[in-house]
Amino acid sequence: MHKNKNITVFSHVIAWITLFCMPYLLSYGQEQDIYRLIAHFWIPLVFSAVIFYLNYFVLIDRFLFSKKMTVFILLNTVLIICFLVFKEFLENTFLSEFLTPRLDANKNNLRPPFKMAIYAQMLSYLAPLFFSIAIKTTKRWVQTETERKEAANFKLKSELQHLHYQLQPHFFFNSLNNIYALVDISPNQAKSSIHSLSKLMRYMLYETNLELIPLSKEIDFMEKYIELMKLRVSDKTIVNSSFPSKSTSIQIAPLLFISLIENAFKHGVSASQKSQININMSCDDKTVLFNIENHNFPKKADDKSGSGIGLKNLEKRLQLLYPDKHNFKTIVKDERFIVQLKIKTV
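Residues numbered from 1 in each chain as written. Predicted model: local features only at pLDDT ≥ 70, side-chain atom pairs only at ≥ 80, totals over all residues. Heavy atoms only, no water.

*Asks:* What's the story with the sheet that holds strand E5 (residues 287-295) in this structure? I'm lost.
*Replies:* Pairing between sheet strands relies on hydrogen bonds along the backbone, with the strands arranged either parallel or antiparallel. The sheet built from five strands is open, its strands ordered E2-E4-E5-E7-E6 with mixed pairing. A strand with exactly one partner marks an edge of an open sheet, and here the two such strands are strand E2 (237-242) and strand E6 (326-333). Averaged over all adjacent pairs, the angle separating strand axes in this sheet is 5 degrees, with direction ignored. Here E2 runs beside strand E4 (residues 275-284); their pairing, made up of six bridges, is parallel. Within E4, the residue paired with Ile238 across the bridge is Gln276. Contacts from helix H7 (residues 215-230) reach E2, E4 and E5, with the element oriented near 175 degrees to E4. Where helix H8 (residues 258-267) meets the sheet, it contacts E2, E4, E5, E6 and strand E7 (336-344), and its direction lies at approximately 10 degrees from that of E5. (Pairing = 2+ DSSP bridges. Helix = DSSP H or I, 4+ residues; strand = E, 2+ residues; numbered from the N terminus. Axes fitted to C-alpha atoms, helices over the stretch in contact; angles between N-to-C directions. Contact = heavy atoms within 4.5 Å.)

Here it is, written out as structure tokens:
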């Protein structure tokens, strides 16, 4: 911030030095009348600088941006008139003896009509005024846009954090329900499941707080979760899973796929009927393809296990994290529930 301010001050100084030297730069090697330069170039340039910085640092913020347009116009009009009068006073009082002989020698042909000269000088003083308004307005717009983006980014992070925290208890709740079903059937498996769940929760609590994590970690997490879920299903349910090599270099937002796997075990398993769950993930360059296909056994109306929050949570996170970079579809076909998710990670 301090460095940028120094650069701005330096650029202003260079700009004004260049403007003051402009007559010499444009007429290199030619004789210059110093008094004419003072009267017709340097004095107006000093007045222009005063108009520019007075508006830039004081008047625009205090009056123009505060919607006191009449006061702003009146102050600048008075300021320009005062400079015009003061310039005439300087020329007539201190520089007249140096400028008059030159004008007499040219039979006054060099002096334009008085009204035209006044109009020309007023226009020349309006230039720094409009320039200061343009720069200040642009700077304000850039600052407003920056603040808007920061606010939007903060809102996005807050919403994502909320969704992340929402997902953790949802995952924990569903997992406990599954373990609860094992307590009476197989106490030893229930103990093993609790130990496995503790590892999964450790991952969720301490390793998923980053914006992006290696896809390999997510794969490892999903494989462990699938093994945990297999403990509660009977031999009537066949679970097939396929994941890419763990050496992939793809980085992805954490916990995007777990809700889909939860959903498959929740709605794709029946205690009395045969069922099959197929989970497949593949990677193509920087694109991740994730497909799940399972039998569809809709919940009964009185079944309150879970609340369908997982898929809604996922859809919202995808919209926030990968806008225009994902394709998410769910299809029910021939009593099979099919999920297709495609994510472009770059």
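*Asks:* Got a minute to help me understand the packing of aromatic side chains in this structure?
*Replies:* Here a ring pair, both rings aromatic, is described through the centre-centre distance and the interplanar angle of the planes. For the structure shown, the criterion picks out 12 aromatic pairs. Ring geometry for Phe52 versus Tyr53: centroids 4.9 Å apart, planes at 90 degrees, classification edge-to-face. Seen from their ring centres, Phe52 and Phe131 are 6.0 Å apart, and the 35 degrees between their planes marks the pair as tilted. In this pair, Phe52 sits in helix H2 (residues 34-64) while Phe131 sits in helix H5 (residues 114-183), placing the two residues 79 residues apart along the sequence. (Phe/Tyr/Trp six-rings, centres within 6.5 Å; stacked < 30°, edge-to-face > 60°.)

*Asks:* Just checking my understanding: could you explain H7 for this structure?
*Replies:* Since there are 3.6 residues in each turn of an α-helix, residues three or four apart along the chain are aligned in direction. In a regular helix each residue adds 1.5 Å, so 16 residues correspond to 22 Å; H7 covers 23 Å between its end C-alpha atoms and thus fits that length. The set of residues buried in H7 consists of Leu215, Ser216, Glu218, Ile219, Phe221, Met222, Tyr225, Ile226, Leu228 and Met229. (Expected span 1.5 Å × (residues − 1). Buried < 20%, exposed > 50% of the residue type's maximum accessible area, 1.4 Å probe, protein only.)

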